[in-house]
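# Structural characterization, general
This is what each chain is made of:
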Amino acid sequence: MSEPNIASGQFVSNCTADAMDRAAEVLKSGALVAFPTETVYGLGADATNAAAVARIYKVKGRPADHPLIVHLADMQDIADWSDDIPEYAIALARDFWPGPMTLILKRSELAKDFITGGQETVGLRVPDHVIALALLSSFKKIGGKGIAAPSANRFGHVSPTTAAAASEELSPYLSAQDLILDGGASAVGVESTIIDCTSQLPRILRPGAITAQQIADSTGLSLSDSGEEIRVSGALDHHYSPEAKVLLDIEPISGDGFIALAHIQTPEAVIRLASPKNNDEFARVLYTALRAADQQSLARVVVMQPTGNDISVAIRDRLLRASRGR
Ligand code: TXA
Ligand code: MG
């Protein structure tokens, strides 16, 4: 009936207010809750609980020195996690939260090494998804400070944009108390724009739906592009990769998977995996299409990259990494 289906496979598809309160209790008890956001699904834990956060790393198979994004119910909550917030970061938060943007700020006492990977900074985001926000506010109601959540995939794999994909990635590693909340397909489809706000000028560490132009317009500042090494796991060479070999902008051969904008015709004997009509739709369907290549055991998938300065910057960034393989 209306009782959420928690017992079988920890899958919750009936995300009522009651179910969110129960999921918040699950987080408080130290267990994990995978939840939908508008970008991709996250694997959540109480961001103040070292043991719970340690389980995220275990379940993901992720090296422990990679920092996690703390998800917040409300923009005001950033004051808990950082006591040094530049004006321009506040402008960004006002303009784009809730939304697909993560701000890197100098950390407060609350942000321990197990969140920041030992760095003096912390990543913060207010996601724009009804279920994520309901979970975050239920958690806040019972004293939660924030939910640490990386994308809900095994390390180096493609991020999940549906509950089924999150389950496929993580179910074998989750335990009986953990939950997966089903909130449908993520509307954006690629991970948030990460902006370093610890210097005079904002700097993009990972492109996403919030573009460089939007950041410049919001802050009235020009973006820093200092090429210094960044500690973003998504910035590793090999990331976001399916099993299939990803090849960019070449003529596909018989039996290849093929992803391209709708106006590009499907070459003969090639398996069309997606035909998005525009760049936003391209972002939305990309990860599902890459997963489909693996479900069909394709050896190769050819992607024709979209052009522009919009979300296609993020798409090309992920495709470049995916093309370097696992
Ligand atoms: O859209 C998203 O950002 C999704 C959803 C679930 O919110 N989350 C996500 O998390 O993509 P994850 O962990 O898969 O990628 C976050 C990236 C990592 O590469 C991490 O290294 C970087 O953010 N990051 C987190 N905190 C950081 C910090 N203090 N300094 C630099 N990079 C940081
Ligand atoms: Mg990730």
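Residues numbered from 1 in each chain as written. Chains lettered and ligands numbered in written order. Predicted model: local features only at pLDDT ≥ 70, side-chain atom pairs only at ≥ 80, totals over all residues. Heavy atoms only, no water.

- The name an unreviewed UniProt entry assigns to the protein is Threonylcarbamoyl-AMP synthase, from the organism freshwater metagenome.
- Turning to the protein, the UniProt record has this under Catalytic activity (unreviewed entry): "L-threonine + hydrogencarbonate + ATP = L-threonylcarbamoyladenylate + diphosphate + H2O".
- Its UniProt record gives the protein the following Subcellular location (unreviewed entry) comment, quoted word for word: "Cytoplasm". (UniProt positions renumbered as here; feature names shortened; annotations may be inferred.)

## Considering the overall build of the protein
- A tally of regular secondary structure across the protein gives 10 helices and 14 strands.
- What you see for the protein is a C-alpha radius of gyration of 19 Å, in line with the 20 Å of a compact globule of 326 residues.
- For the protein, the spread of C-alpha atoms along the principal axes amounts to about 60 × 55 × 30 Å.
- For the protein, the proportion of its 326 residues judged to be buried stands at 53%.
- Here the protein contributes 29 positively and 39 negatively charged side chains, and the mean placements of these two sets differ by 3 Å. (Helix = DSSP H or I, 4+ residues; strand = E, 2+ residues; numbered from the N terminus. Rg over C-alpha atoms; globule rule 2.2 N^0.38 Å. Buried < 20%, exposed > 50% of the residue type's maximum accessible area, 1.4 Å probe, protein only. Lys, Arg positive; Asp, Glu negative; His and termini not counted. Charge placed at Lys NZ, Arg CZ, Asp CG, Glu CD.)

## A short note on the nonpolar core
- Of all hydrophobic cores here, the largest spans 41 residues; its most connected members are Leu43, Leu92, Leu103 and Leu124.
- Core analysis: the second largest hydrophobic core is formed by 29 residues, Val188, Val246, Ala289 and Leu290 among them. (Core = buried A, V, L, I, M, F, W, Y, C linked by side-chain atoms within 4.5 Å.)

## Overview of the sheet that holds strand 1 (residues 11-12)
- In space, the 10 strands of this open sheet follow the order 1-8-2-3-7-4-6-5-9-10, with mixed pairing throughout. Since the sheet does not close on itself, it has two edges, and those belong to strand 1 and strand 10 (203-206), each with one partner.
- By the bridge criterion, 4 bridges tie strand 5 (residues 101-106) to strand 9 (residues 193-196) in an arrangement that is parallel. Directly across from Leu103, in strand 9, lies its bridge partner Ile195. (Pairing = 2+ DSSP bridges.)

## Examining the pattern of salt bridges
- Inspection of every chain in the model, using the stated rule, returns 16 salt bridges.
- Residue Glu281 pairs with Lys277 through a salt bridge whose shortest N-O separation is 3.3 Å.
- Overall, the relative accessible area of 16% leaves Glu281 in the buried class.
- Taken together, the shared-partner salt bridges connect Glu191, Asp317, Arg318 and Arg321 into one network. (Salt bridge = Lys/Arg side-chain N within 4 Å of Asp/Glu carboxyl O.)

## Overview of the domain arrangement of the protein
- As assigned here, the protein comprises domain 1 (10-219) and domain 2 (245-322).
- The C-alpha centroid of domain 2 is placed 27 Å from the C-alpha centroid of domain 1.
- With 20 residues of domain 1 in contact, the opposing surface of domain 2 contributes 15 residues.
- Regarding the contact of domain 1 and domain 2, the summed buried area is about 1300 Å², with carbon and sulfur atoms giving 55% of it.
- Counting the contacts that link domain 1 with domain 2 gives 3 salt bridges. (Domains from an automatic or database assignment. Contact = heavy atoms within 4.5 Å. Buried area = accessible area lost by both parts, 1.4 Å probe.)

## Focus: the sheet that holds strand 13 (residues 271-274)
- A sheet is described by the order of its strands in space; here 4 strands give the open sequence 11-14-12-13, paired in parallel fashion. Each having just a single partner strand, strand 11 (245-248) and strand 13 make up the two edges of the open sheet. The sheet shows a mean angle of 30° between the axes of neighbouring strands, taken without regard to direction.
- Packed on one face of the sheet, helix 9 (residues 279-295) meets strand 11, strand 12 (257-259), strand 13 and strand 14 (300-303) and runs near 135° to strand 13. (Axes fitted to C-alpha atoms, helices over the stretch in contact; angles between N-to-C directions.)

## With respect to the environment of Asp84
- One can find Asp84 in the loop between helix 3 (78-81) and helix 4 (87-96).
- When the C-alpha positions of Asp84 and Leu105 are compared, they lie 7.2 Å apart, and in sequence the two are 21 residues distant.
- When residues no more than four places from it in sequence are discounted, the contact partners of Asp84 are Leu105 and Lys106.

## Considerations on the UniProt feature "domain: YrdC-like" (unreviewed entry) in the protein
- On the UniProt side, "domain: YrdC-like" (unreviewed entry) is annotated at positions that read residues 17-210 here.
- Secondary structure over residues 17-210 splits into 31% helix and 18% strand, and the C-alpha atoms at its two ends are 30 Å apart.

## With respect to the side chain of Ser312
- Summarising the element assignment, Ser312 is placed in helix 10 (residues 312-322).
- Within the structure, Ser312 has its side chain in polar contact with the backbone oxygen of Thr307 (distance 3.3 Å).
- At a separation of 2.6 Å, a polar atom in the side chain of Ser312 contacts the side chain of Asp310.
- Not counting the four nearest positions on each side in its chain, Ser312 is found in contact with Asn279, Pro306 and Thr307. (Polar contact = N/O pair within 3.5 Å; in protein donor to acceptor, adjacent residues only side chain to side chain.)

## Regarding unusual backbone geometry
- With an omega dihedral of -5°, the bond running from Trp97 to Pro98 counts as a cis peptide bond.
- Relative to the helices and strands, Pro98 is located in the loop between helix 4 and strand 5.
- One non-glycine residue, Asp249, adopts positive backbone phi at about 55°.
- Examined against the element boundaries, Asp249 turns out to sit in the loop between strand 11 and strand 12.
- Phi at Ala269 takes a positive value of approximately 60°, unusual for a residue other than glycine.
- Note on placement: Ala269 falls in the loop between strand 12 and strand 13.

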